[in-house]
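Secondary and tertiary structure notes
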Amino acid sequence: SSTPLKVAVTGAAGQIGYSLLFRLASGALLGADRPIELRLLEITPALKALEGVVMELDDCAFPTLAGVEIGDDANTVFDGVNLALLVGARPRTKGMERGELLSANGAIFTAQGKALNEVAADDVRIGVTGNPANTNALIAMTNAPDIPRERFSALTRLDHNRAISQLAARTGAPVTDIRRMTIWGNHSATQYPDLFHAEVGGRNAAEVVGDQSWIENDFIPTVAKRGAAIIEARGSSSAASAASATIDAAHDWLLGSADDDWVSMAVASDGSYGVPEGLISSFPVTTKDGSWEIVQGLDIDEFSRGRINASVAELEEERAAVTELGLI
Ligand code: NAI
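None of the values given here were measured: they were computed from a predicted structure.

Taken together, 28 residues lie around the ligand, and Gly-11, Gly-14, Ile-16, Gly-88 and Ala-89 are the ones closest in. A total of three residues in the shell around the ligand trace back to one element, the largest contributor, which is helix α1 (residues 15–25). Residue composition of the shell around the ligand, by class: 14 nonpolar, 12 polar and two charged. When residues of the shell around the ligand are assigned to domains, at least three map to each of domain 1 (5–154) and domain 2 (157–318).

Spelled out as C-alpha coordinates, the structure:
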(Lines give C-alpha, C1' and ligand atoms only; values in the text may rest on other atoms or scores of the structure.)
Protein backbone atom coordinates (compact mmCIF):
# COMPACT_ATOMS: atom_id res chain seq x y z
CA SER A 1 0.00 0.00 0.00
CA SER A 2 1.16 3.54 -0.58
CA THR A 3 -0.53 5.00 2.52
CA PRO A 4 2.33 6.23 4.66
CA LEU A 5 3.02 4.25 7.82
CA LYS A 6 2.98 6.69 10.72
CA VAL A 7 6.00 5.98 12.89
CA ALA A 8 6.52 7.72 16.22
CA VAL A 9 10.01 7.99 17.69
CA THR A 10 10.55 9.32 21.19
CA GLY A 11 13.87 10.76 22.32
CA ALA A 12 14.30 11.70 18.68
CA ALA A 13 17.01 14.30 19.35
CA GLY A 14 19.16 11.79 21.21
CA GLN A 15 22.07 9.66 20.06
CA ILE A 16 20.04 6.68 18.89
CA GLY A 17 17.57 9.02 17.22
CA TYR A 18 20.33 10.56 15.16
CA SER A 19 20.99 7.22 13.54
CA LEU A 20 17.48 5.77 13.62
CA LEU A 21 15.61 8.58 11.91
CA PHE A 22 17.76 8.57 8.81
CA ARG A 23 17.49 4.83 8.39
CA LEU A 24 13.72 4.89 8.87
CA ALA A 25 13.42 7.74 6.39
CA SER A 26 15.58 6.03 3.78
CA GLY A 27 13.39 2.93 3.64
CA ALA A 28 15.23 0.51 5.93
CA LEU A 29 12.01 -0.43 7.71
CA LEU A 30 9.62 -1.33 4.92
CA GLY A 31 11.57 -0.88 1.70
CA ALA A 32 11.61 1.92 -0.79
CA ASP A 33 8.02 1.39 -1.95
CA ARG A 34 6.23 2.20 1.26
CA PRO A 35 6.38 5.83 2.39
CA ILE A 36 6.62 6.62 6.06
CA GLU A 37 5.66 9.65 8.07
CA LEU A 38 7.72 10.46 11.15
CA ARG A 39 6.21 11.75 14.40
CA LEU A 40 8.98 12.84 16.70
CA LEU A 41 8.56 13.38 20.42
CA GLU A 42 11.04 15.19 22.63
CA ILE A 43 11.08 17.08 25.87
CA THR A 44 10.70 20.84 25.42
CA PRO A 45 14.38 21.79 25.93
CA ALA A 46 15.43 19.38 23.17
CA LEU A 47 13.00 20.65 20.53
CA LYS A 48 15.46 23.15 19.08
CA ALA A 49 18.07 20.44 18.55
CA LEU A 50 15.34 18.28 17.04
CA GLU A 51 14.51 21.06 14.58
CA GLY A 52 18.12 20.85 13.44
CA VAL A 53 17.81 17.12 12.89
CA VAL A 54 14.66 17.70 10.85
CA MET A 55 16.55 20.22 8.72
CA GLU A 56 19.04 17.46 7.97
CA LEU A 57 16.24 15.00 7.18
CA ASP A 58 14.87 17.58 4.72
CA ASP A 59 18.32 17.93 3.20
CA CYS A 60 18.48 14.22 2.44
CA ALA A 61 15.43 14.53 0.14
CA PHE A 62 14.46 10.95 0.94
CA PRO A 63 11.83 9.74 -1.54
CA THR A 64 10.21 7.50 1.10
CA LEU A 65 9.76 10.24 3.68
CA ALA A 66 6.20 11.50 3.36
CA GLY A 67 6.28 13.98 6.24
CA VAL A 68 7.74 14.88 9.62
CA GLU A 69 6.02 16.35 12.65
CA ILE A 70 7.70 17.16 15.93
CA GLY A 71 6.44 18.12 19.34
CA ASP A 72 6.60 17.76 23.11
CA ASP A 73 3.01 16.62 23.64
CA ALA A 74 2.55 12.84 23.43
CA ASN A 75 -1.18 13.06 22.70
CA THR A 76 -0.51 15.17 19.61
CA VAL A 77 2.57 13.35 18.38
CA PHE A 78 1.13 9.83 18.84
CA ASP A 79 -2.16 10.66 17.11
CA GLY A 80 -2.92 7.89 14.63
CA VAL A 81 0.50 6.25 14.79
CA ASN A 82 0.87 2.66 13.55
CA LEU A 83 4.25 2.07 15.12
CA ALA A 84 5.74 3.72 18.18
CA LEU A 85 9.44 3.33 18.89
CA LEU A 86 9.94 4.44 22.47
CA VAL A 87 13.62 5.31 22.62
CA GLY A 88 13.71 8.34 24.92
CA ALA A 89 14.33 7.56 28.55
CA ARG A 90 15.96 9.08 31.57
CA PRO A 91 19.57 7.90 31.74
CA ARG A 92 21.05 6.81 35.02
CA THR A 93 23.25 9.60 36.32
CA LYS A 94 26.03 9.26 38.82
CA GLY A 95 24.80 8.59 42.33
CA MET A 96 21.22 7.98 41.18
CA GLU A 97 19.46 5.27 43.14
CA ARG A 98 17.71 2.44 41.31
CA GLY A 99 14.38 3.55 42.76
CA GLU A 100 14.90 7.10 41.43
CA LEU A 101 15.73 5.74 37.98
CA LEU A 102 12.64 3.54 38.00
CA SER A 103 10.38 6.39 39.09
CA ALA A 104 11.81 8.88 36.58
CA ASN A 105 11.26 6.39 33.79
CA GLY A 106 8.00 5.25 35.29
CA ALA A 107 6.62 8.76 34.91
CA ILE A 108 7.66 8.85 31.23
CA PHE A 109 6.28 5.44 30.32
CA THR A 110 3.07 5.87 32.32
CA ALA A 111 2.29 9.07 30.42
CA GLN A 112 3.27 7.62 27.05
CA GLY A 113 1.27 4.44 27.64
CA LYS A 114 -1.81 6.53 28.44
CA ALA A 115 -1.30 8.73 25.40
CA LEU A 116 -0.92 5.73 23.08
CA ASN A 117 -4.04 4.21 24.61
CA GLU A 118 -5.96 7.38 23.76
CA VAL A 119 -4.77 8.35 20.32
CA ALA A 120 -2.72 5.67 18.53
CA ALA A 121 -4.11 3.83 15.50
CA ASP A 122 -6.03 0.61 16.18
CA ASP A 123 -3.22 -1.44 14.68
CA VAL A 124 -0.43 0.23 16.71
CA ARG A 125 2.67 -1.73 17.65
CA ILE A 126 4.98 -0.44 20.34
CA GLY A 127 8.67 -1.23 20.63
CA VAL A 128 10.55 -0.03 23.70
CA THR A 129 14.28 0.63 23.38
CA GLY A 130 14.76 3.06 26.28
CA ASN A 131 16.12 1.44 29.43
CA PRO A 132 15.23 -0.33 31.61
CA ALA A 133 13.47 -1.53 28.45
CA ASN A 134 11.56 -4.57 29.75
CA THR A 135 10.14 -2.78 32.75
CA ASN A 136 9.43 0.41 30.80
CA ALA A 137 7.44 -1.73 28.34
CA LEU A 138 5.58 -3.32 31.27
CA ILE A 139 4.68 0.14 32.59
CA ALA A 140 3.50 1.42 29.20
CA MET A 141 1.50 -1.78 28.60
CA THR A 142 -0.18 -1.62 31.99
CA ASN A 143 -1.12 2.00 31.40
CA ALA A 144 -2.67 1.24 28.00
CA PRO A 145 -5.47 -1.15 28.92
CA ASP A 146 -7.26 -0.85 25.57
CA ILE A 147 -4.24 -1.87 23.51
CA PRO A 148 -3.84 -5.64 23.29
CA ARG A 149 -0.78 -6.56 25.27
CA GLU A 150 0.82 -8.50 22.46
CA ARG A 151 1.36 -5.13 20.77
CA PHE A 152 4.11 -4.26 23.25
CA SER A 153 7.67 -5.45 23.14
CA ALA A 154 11.04 -4.46 24.53
CA LEU A 155 14.24 -4.57 22.52
CA THR A 156 16.59 -7.51 22.97
CA ARG A 157 17.43 -7.61 19.28
CA LEU A 158 20.71 -5.78 19.84
CA ASP A 159 21.77 -8.52 22.27
CA HIS A 160 20.60 -11.09 19.73
CA ASN A 161 22.65 -9.47 16.97
CA ARG A 162 25.67 -9.20 19.24
CA ALA A 163 25.38 -12.92 20.03
CA ILE A 164 25.22 -13.80 16.33
CA SER A 165 28.26 -11.67 15.63
CA GLN A 166 30.30 -13.24 18.47
CA LEU A 167 29.37 -16.76 17.37
CA ALA A 168 30.23 -15.98 13.76
CA ALA A 169 33.63 -14.65 14.82
CA ARG A 170 34.35 -17.72 16.94
CA THR A 171 33.30 -20.29 14.31
CA GLY A 172 34.40 -18.44 11.18
CA ALA A 173 30.91 -18.86 9.75
CA PRO A 174 29.21 -15.95 8.01
CA VAL A 175 26.37 -14.40 10.03
CA THR A 176 23.94 -15.69 7.41
CA ASP A 177 24.77 -19.29 8.44
CA ILE A 178 23.65 -18.65 12.00
CA ARG A 179 20.07 -19.35 12.93
CA ARG A 180 17.86 -19.78 15.95
CA MET A 181 19.78 -17.52 18.30
CA THR A 182 17.90 -16.76 21.50
CA ILE A 183 18.25 -14.13 24.19
CA TRP A 184 16.23 -15.08 27.26
CA GLY A 185 15.15 -12.78 30.07
CA ASN A 186 16.01 -9.17 30.75
CA HIS A 187 17.90 -6.69 28.56
CA SER A 188 20.57 -6.37 31.24
CA ALA A 189 23.73 -8.09 32.36
CA THR A 190 21.64 -11.05 33.57
CA GLN A 191 20.36 -11.85 30.07
CA TYR A 192 21.00 -15.35 28.80
CA PRO A 193 22.26 -15.70 25.22
CA ASP A 194 21.58 -19.37 24.41
CA LEU A 195 23.84 -21.39 22.13
CA PHE A 196 22.18 -24.72 22.92
CA HIS A 197 19.35 -24.12 20.47
CA ALA A 198 21.28 -21.98 18.01
CA GLU A 199 22.64 -23.44 14.79
CA VAL A 200 25.72 -22.84 12.66
CA GLY A 201 25.21 -24.08 9.12
CA GLY A 202 22.41 -26.35 10.37
CA ARG A 203 24.47 -27.90 13.18
CA ASN A 204 23.97 -27.29 16.88
CA ALA A 205 26.02 -24.24 17.83
CA ALA A 206 27.12 -25.49 21.27
CA GLU A 207 28.41 -28.68 19.62
CA VAL A 208 30.17 -26.78 16.85
CA VAL A 209 31.87 -24.63 19.48
CA GLY A 210 32.55 -27.67 21.68
CA ASP A 211 33.87 -25.61 24.56
CA GLN A 212 31.58 -25.07 27.55
CA SER A 213 34.16 -22.90 29.23
CA TRP A 214 34.20 -20.50 26.26
CA ILE A 215 30.41 -20.36 26.36
CA GLU A 216 30.29 -19.63 30.09
CA ASN A 217 33.36 -17.47 30.57
CA ASP A 218 33.69 -15.72 27.26
CA PHE A 219 30.62 -15.76 25.03
CA ILE A 220 27.91 -15.07 27.61
CA PRO A 221 29.73 -12.27 29.47
CA THR A 222 30.95 -10.68 26.22
CA VAL A 223 27.40 -10.44 24.89
CA ALA A 224 25.87 -9.44 28.23
CA LYS A 225 28.46 -6.76 28.96
CA ARG A 226 28.91 -5.47 25.44
CA GLY A 227 27.10 -2.24 26.23
CA ALA A 228 29.65 -1.40 28.92
CA ALA A 229 32.54 -2.31 26.60
CA ILE A 230 31.21 0.09 23.96
CA ILE A 231 30.96 2.89 26.51
CA GLU A 232 34.51 2.16 27.62
CA ALA A 233 35.84 2.29 24.05
CA ARG A 234 33.69 4.98 22.49
CA GLY A 235 33.06 7.23 25.44
CA SER A 236 29.31 7.01 24.88
CA SER A 237 26.80 4.22 24.70
CA SER A 238 25.97 2.17 21.63
CA ALA A 239 23.78 4.18 19.32
CA ALA A 240 24.08 3.15 15.66
CA SER A 241 23.89 -0.54 16.57
CA ALA A 242 20.94 0.11 18.87
CA ALA A 243 19.19 2.00 16.07
CA SER A 244 19.92 -0.81 13.64
CA ALA A 245 18.53 -3.42 16.04
CA THR A 246 15.44 -1.28 16.66
CA ILE A 247 14.79 -1.33 12.91
CA ASP A 248 15.53 -5.07 12.58
CA ALA A 249 13.05 -5.82 15.34
CA ALA A 250 10.29 -3.63 13.90
CA HIS A 251 10.96 -4.88 10.37
CA ASP A 252 10.63 -8.52 11.37
CA TRP A 253 7.61 -7.85 13.56
CA LEU A 254 5.75 -6.16 10.70
CA LEU A 255 7.01 -8.27 7.80
CA GLY A 256 7.81 -11.63 9.42
CA SER A 257 10.83 -13.61 10.55
CA ALA A 258 12.63 -15.87 8.07
CA ASP A 259 11.39 -19.42 7.50
CA ASP A 260 13.23 -21.93 9.65
CA ASP A 261 14.54 -19.19 11.91
CA TRP A 262 13.37 -17.13 14.86
CA VAL A 263 14.26 -13.87 16.55
CA SER A 264 14.52 -12.67 20.14
CA MET A 265 11.89 -10.27 21.43
CA ALA A 266 10.91 -9.35 24.95
CA VAL A 267 7.14 -9.83 25.09
CA ALA A 268 4.47 -10.40 27.74
CA SER A 269 4.88 -13.94 28.99
CA ASP A 270 1.99 -16.38 28.74
CA GLY A 271 3.78 -18.60 31.24
CA SER A 272 5.92 -20.33 28.60
CA TYR A 273 9.16 -21.85 29.90
CA GLY A 274 8.13 -21.10 33.47
CA VAL A 275 8.37 -17.31 33.01
CA PRO A 276 5.65 -15.77 35.20
CA GLU A 277 2.64 -14.62 33.24
CA GLY A 278 2.67 -10.95 32.25
CA LEU A 279 6.38 -10.29 32.73
CA ILE A 280 8.01 -8.72 29.68
CA SER A 281 10.78 -11.23 29.12
CA SER A 282 12.83 -12.11 26.07
CA PHE A 283 11.95 -15.33 24.24
CA PRO A 284 12.59 -16.99 20.92
CA VAL A 285 9.68 -15.87 18.76
CA THR A 286 8.51 -16.29 15.21
CA THR A 287 6.77 -13.31 13.70
CA LYS A 288 4.32 -12.90 10.87
CA ASP A 289 2.14 -10.00 9.67
CA GLY A 290 2.55 -7.96 12.83
CA SER A 291 2.08 -10.76 15.33
CA TRP A 292 4.45 -13.03 17.18
CA GLU A 293 4.41 -16.46 18.75
CA ILE A 294 6.77 -17.84 21.35
CA VAL A 295 8.61 -20.88 19.97
CA GLN A 296 7.37 -23.85 21.99
CA GLY A 297 8.82 -27.18 22.97
CA LEU A 298 12.53 -26.37 23.35
CA ASP A 299 14.34 -28.60 25.82
CA ILE A 300 15.89 -26.49 28.55
CA ASP A 301 18.78 -28.20 30.31
CA GLU A 302 19.90 -27.48 33.85
CA PHE A 303 22.51 -24.91 32.84
CA SER A 304 20.06 -22.93 30.72
CA ARG A 305 17.35 -23.26 33.37
CA GLY A 306 19.58 -21.65 35.98
CA ARG A 307 20.48 -18.76 33.67
CA ILE A 308 16.90 -18.12 32.60
CA ASN A 309 15.68 -18.24 36.19
CA ALA A 310 18.30 -15.72 37.32
CA SER A 311 17.32 -13.18 34.69
CA VAL A 312 13.61 -13.72 35.27
CA ALA A 313 14.15 -13.24 39.02
CA GLU A 314 15.63 -9.82 38.23
CA LEU A 315 12.57 -8.96 36.13
CA GLU A 316 10.32 -9.98 39.00
CA GLU A 317 12.26 -7.69 41.32
CA GLU A 318 11.87 -4.81 38.89
CA ARG A 319 8.15 -5.54 38.64
CA ALA A 320 7.85 -5.59 42.42
CA ALA A 321 9.70 -2.26 42.64
CA VAL A 322 7.46 -0.47 40.13
CA THR A 323 4.38 -2.01 41.73
CA GLU A 324 5.50 -0.62 45.05
CA LEU A 325 6.01 2.79 43.43
CA GLY A 326 2.40 2.61 42.20
CA LEU A 327 3.44 2.75 38.53
CA ILE A 328 1.57 -0.37 37.51
P1 NAI B 1 20.27 10.03 24.72
O2 NAI B 1 20.34 10.51 26.11
O3 NAI B 1 21.26 10.46 23.70
O4 NAI B 1 18.82 10.42 24.12
C5 NAI B 1 17.64 10.25 24.85
C6 NAI B 1 16.70 11.33 24.41
O7 NAI B 1 15.44 11.09 25.03
C8 NAI B 1 17.13 12.74 24.82
O9 NAI B 1 17.19 13.56 23.67
C10 NAI B 1 16.05 13.18 25.79
O11 NAI B 1 15.77 14.56 25.68
C12 NAI B 1 14.87 12.35 25.32
N13 NAI B 1 13.81 12.19 26.32
C14 NAI B 1 13.94 12.10 27.67
N15 NAI B 1 12.71 12.05 28.22
C16 NAI B 1 11.82 12.07 27.22
C17 NAI B 1 10.41 12.06 27.17
N18 NAI B 1 9.67 12.03 28.29
N19 NAI B 1 9.81 12.11 25.97
C20 NAI B 1 10.54 12.18 24.84
N21 NAI B 1 11.88 12.21 24.82
C22 NAI B 1 12.50 12.16 26.00
O23 NAI B 1 20.18 8.45 24.81
P24 NAI B 1 20.39 7.36 23.65
O25 NAI B 1 21.81 7.00 23.60
O26 NAI B 1 19.71 7.80 22.43
O27 NAI B 1 19.63 6.12 24.32
C28 NAI B 1 18.24 6.15 24.52
C29 NAI B 1 17.82 5.01 25.43
O30 NAI B 1 18.06 3.77 24.80
C31 NAI B 1 18.58 4.95 26.76
O32 NAI B 1 17.64 4.63 27.78
C33 NAI B 1 19.54 3.82 26.57
O34 NAI B 1 19.90 3.23 27.80
C35 NAI B 1 18.70 2.89 25.73
N36 NAI B 1 19.43 1.87 24.99
C37 NAI B 1 18.83 0.65 24.84
C38 NAI B 1 19.42 -0.36 24.15
C39 NAI B 1 18.72 -1.68 23.99
O40 NAI B 1 19.33 -2.57 23.40
N41 NAI B 1 17.50 -1.89 24.47
C42 NAI B 1 20.73 -0.18 23.56
C43 NAI B 1 21.29 1.15 23.71
C44 NAI B 1 20.64 2.12 24.41
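The next point concerns the UniProt feature "active site" (unreviewed entry) in the protein chain. On the UniProt side, "active site" (unreviewed entry) is annotated at positions that read His-187 here. Its place among the elements puts His-187 in the loop between β8 (182–184) and β9 (192–194). Those residues in contact with His-187, other than ones at most four positions away along the chain, are Ala-133, Asn-134, Ala-154, Leu-155, Thr-156, Asp-159, Ala-266 and Ser-282.

As recorded in UniProt, the feature "domain: Lactate/malate dehydrogenase N-terminal" (unreviewed entry) lies at residues 6–149. Here residues 6–149 runs as 42% helix and 18% strand, with 20 Å between its end C-alpha atoms.

Looking now at the packing of α1 against helix α2 (residues 47–60). In contact at an axis separation of 11 Å, α1 and α2 are set at 30 degrees when each is read in the N-to-C sense. Relative to α2, the element α1 is oriented roughly parallel. Every pair of crossing elements has a handedness; the one defined by α1 and α2 is right-handed. Residues Tyr-18, Leu-21, Phe-22 and Ala-25 of α1 lie in contact with α2, whose contacting residues are Val-53, Leu-57 and Cys-60. Across the contact of α1 with α2, the residue classes tally to seven nonpolar, no polar and no charged.

How each quantity is defined
Residues numbered from 1 in each chain as written. Predicted model: local features only at pLDDT ≥ 70, side-chain atom pairs only at ≥ 80, totals over all residues. Near = placed C-beta within 6 Å. Helix = DSSP H or I, 4+ residues; strand = E, 2+ residues; numbered from the N terminus. Nonpolar A, V, L, I, M, F, W, Y, C, P; charged D, E, K, R; others polar. Domains from an automatic or database assignment. UniProt positions renumbered as here; feature names shortened; annotations may be inferred. Contact = placed C-beta atoms within 7 Å. Axes fitted to C-alpha atoms, helices over the stretch in contact; angles between N-to-C directions. Parallel < 35°, antiparallel > 145°, perpendicular 65-115°, else oblique. Left-handed = near helix turned anticlockwise from the far one by under 90°.

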